[in-house]
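Coordinate analysis (summary)
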Amino acid sequence: MDALVARHGTELQRRFSEATVAVCGLGGLGSNIAIALARVGIGKLLLIDFDKVDITNLHRQQYKASQIGRYKTDALAENLFEIAPYTEIKTVTARLSEDNLTTLLSDADIICEAFDNAEAKAMLVNGVLEQLPGCFLVAASGMAGMDNPNTIKTRKIGKRFYLCGDEVSDVADTIGLVAPRVMLCAAHQAQTVLQILAGEYEV
Amino acid sequence: MVKVNGTELDIAGKTVTEYLATTNYDPKRIAVERNGDIVFKSQYDVTVLEEGDSLEIVSFVGGG
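The present account deals with the structure reproduced in this document. Predicted, not measured: the structure shown is a model, and the values here were computed from it.

Some points on the overall build of chain A
A count of helical and extended segments in chain A gives seven helices and seven strands. Seen in sequence order, chain A has helices and strands lined up from the N terminus as α-α-β-α-β-α-β-α-β-α-β-β-β-α. In summary, chain A has a C-alpha radius of gyration of 16 Å against a globular reference of 17 Å for 203 residues, a match within 12%. Along the three orthogonal principal directions, the C-alpha set of chain A runs to about 45 × 40 × 35 Å. The buried share of chain A, reckoned over its 203 residues, is 53%. Pairs at least 24 apart in sequence give 69% of the contacts found in chain A among residues at least 6 apart. Taken as a whole, chain A presents about 8,800 Å² of accessible surface, with 51% of it coming from carbon and sulfur.

What follows is the structure, given as structure tokens:
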């Protein structure tokens, strides 16, 4: 922790280490977001996913072949503990819905939407903005395919709602998801979390 | 005029639902912010757009 303070400064590291950040969906976006935030020294990560690691996830998600078949929550918590043992991890192996999101996410200061399904993304974004007025939300839309990396961007949509991605590249219309482009979008989300914690609210 | 995603449109007086019906947006994939605050899904039918409003409609695509 002293090493992080030396890098980030006392005040910034205090803000990072006092923060609770929820990562909703632990696929290509969420697993990369969680690792970036753990390395930075975010105090508490709340990891939520219902799914298990599949062989088809390994091309872009931060799991290992040896973890196939395990819940993503458990596998990612294990990987994070190896990387950053000072991060407090809470896992919830469940499917988020309009009915449980207030209960499951009420501790979070900032919520990252990291689902892959468009309707699930919209459900979470509407649900968080309607039901959790104290939270910031960092969502993602459009990171599939082979387009130029520079088209991935971050916009501030509302007072506490940020959106990362190119906003148009639907996975259904492309060759699918490739690791670097998904990581770019995840990095935008993770960095936006840090900007918010640093008090830099404008993009 | 109402600004929708940066474009001025002559839709003051319409509800959010009435405006959306003139577009290709899939209601299950969108979130609507009006002047920086979320418009609750349950309020689309009764939220009347006013002169000078700024609307941001986010339409999500799949992938993550």
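A short note on the pattern of salt bridges
Residue and element names in this part refer to chain A. Following the criterion strictly, the structure yields 16 salt bridges over all chains and no others. The partner of Arg14 in a salt bridge is Glu11, and the shortest N-O contact between them spans 2.9 Å. Here Arg14 pairs with Glu11, and both are found in helix α2 (residues 10-18), just three residues apart, close to one helical turn. Here Glu11 falls in the partly exposed class, since its relative accessible area comes to 40%. Among the salt bridges present, the one from Arg70 reaches Glu78, with a minimum N-O distance of 3.0 Å. When its relative accessible area of 33% is taken as the criterion, Glu78 is described as partly exposed. Taken together, the shared-partner salt bridges connect Glu11, Arg14, Arg15 and Glu18 into one network.

Re the interface of chain A and chain B
The partner chain B presents 22 residues to the 31 residues of chain A that form the contact. With both chains or domains summed, chain A and chain B bury close to 2,000 Å², and 59% of this area falls on carbon and sulfur atoms. Where chain A meets chain B, there are three salt bridges. Between Asp170 of chain A and Arg29 of chain B there is a salt bridge, with the nearest N and O atoms lying 3.4 Å from each other. Along the contact surface separating chain A from chain B lie 12 residue pairs in polar contact (both at pLDDT 80 or more). When residues in the side of chain A that touches chain B are grouped by element, the largest group, eight residues, is from helix α6 (residues 118-131) of chain A. When the residues that make up the side of chain A that touches chain B are grouped by side-chain class, the tally is 16 nonpolar, six polar and nine charged.

Quick word on helix α4 (residues 72-83) of chain A
Residue and element names in this part refer to chain A. The end-to-end C-alpha separation of α4 is 16 Å, in line with the 16 Å expected for 12 residues at 1.5 Å each. Restricting attention to buried positions, one finds in α4 the residues Lys72, Thr73, Ala75, Leu76, Ala77, Asn79 and Leu80. Turning to α4, the residues buried within the fold contact α3 (28-40), β2 (44-48) and β3 (88-92).

Thoughts on the side chain of Thr20 of chain A
Along the polypeptide, Thr20 of chain A turns up in strand β1 (residues 20-24). When neighbours within four sequence positions are excluded, Thr20 of chain A is seen to be in contact with Lys44, Asp107, Ala108, Asp109 and Ile110 of chain A.

A few points about the packing of α3 of chain A against helix α7 (residues 179-197) of chain A
Residue and element names in this part refer to chain A. Their axes nearest at 8 Å, the elements α3 and α7 cross at an angle of 45°. With respect to their mutual orientation, α3 and α7 come out oblique. Where α3 crosses over α7, the two elements pack in a sense that is right-handed. Contact residues: α3 offers Gly28, Leu29, Asn32, Ile33, Ala36, Leu37 and Val40, while α7 offers Val182, Met183, Cys185, Ala186, Gln189, Ala190, Val193 and Leu194. When its residues are assigned to classes, the contact of α3 with α7 shows 12 nonpolar, three polar and no charged.

Focus on the sheet that holds strand β3 (residues 30-34) of chain B
Taken in spatial order, the five strands line up as β2-β1-β5-β3-β4 (chain B) in an open sheet, and their pairing is mixed. The sheet is open, and its two borders are formed by β2 (7-9) and β4 (37-38) of chain B, each paired with just one other strand. Here β3 of chain B runs beside strand β5 (residues 54-59) of chain B; their pairing, made up of five bridges, is antiparallel. Considered in β5 of chain B, the bridge of Glu33 of chain B is made with Glu56 of chain B. Running over the sheet, α6 of chain A touches β3 and β4 of chain B and is turned about 35° from β3 of chain B.

Observations regarding the environment of Ala77 of chain A
All names here are of chain A. Residue placement: Ala77 occurs in helix α4. Through-space distance from the C-alpha of Ala77 to that of Asp147 is 32 Å; in sequence the pair is 70 residues apart. With residues up to four places along the chain from it excluded, the contact list for Ala77 reads Leu47, Ile89 and Thr91.

Thresholds applied
- Residues numbered from 1 in each chain as written.
- Chains lettered and ligands numbered in written order.
- Predicted model: local features only at pLDDT ≥ 70, side-chain atom pairs only at ≥ 80, totals over all residues.
- Heavy atoms only, no water.
- Helix = DSSP H or I, 4+ residues; strand = E, 2+ residues; numbered from the N terminus.
- Rg over C-alpha atoms; globule rule 2.2 N^0.38 Å.
- Buried < 20%, exposed > 50% of the residue type's maximum accessible area, 1.4 Å probe, protein only.
- Contact = heavy atoms within 4.5 Å.
- Areas by Shrake-Rupley, 256 points an atom, 1.4 Å probe, with all protein chains shown as cover.
- Salt bridge = Lys/Arg side-chain N within 4 Å of Asp/Glu carboxyl O.
- Buried area = accessible area lost by both parts, 1.4 Å probe.
- Polar contact = N/O pair within 3.5 Å; in protein donor to acceptor, adjacent residues only side chain to side chain.
- Nonpolar A, V, L, I, M, F, W, Y, C, P; charged D, E, K, R; others polar.
- Expected span 1.5 Å × (residues − 1).
- Axes fitted to C-alpha atoms, helices over the stretch in contact; angles between N-to-C directions.
- Parallel < 35°, antiparallel > 145°, perpendicular 65-115°, else oblique.
- Left-handed = near helix turned anticlockwise from the far one by under 90°.
- Pairing = 2+ DSSP bridges.

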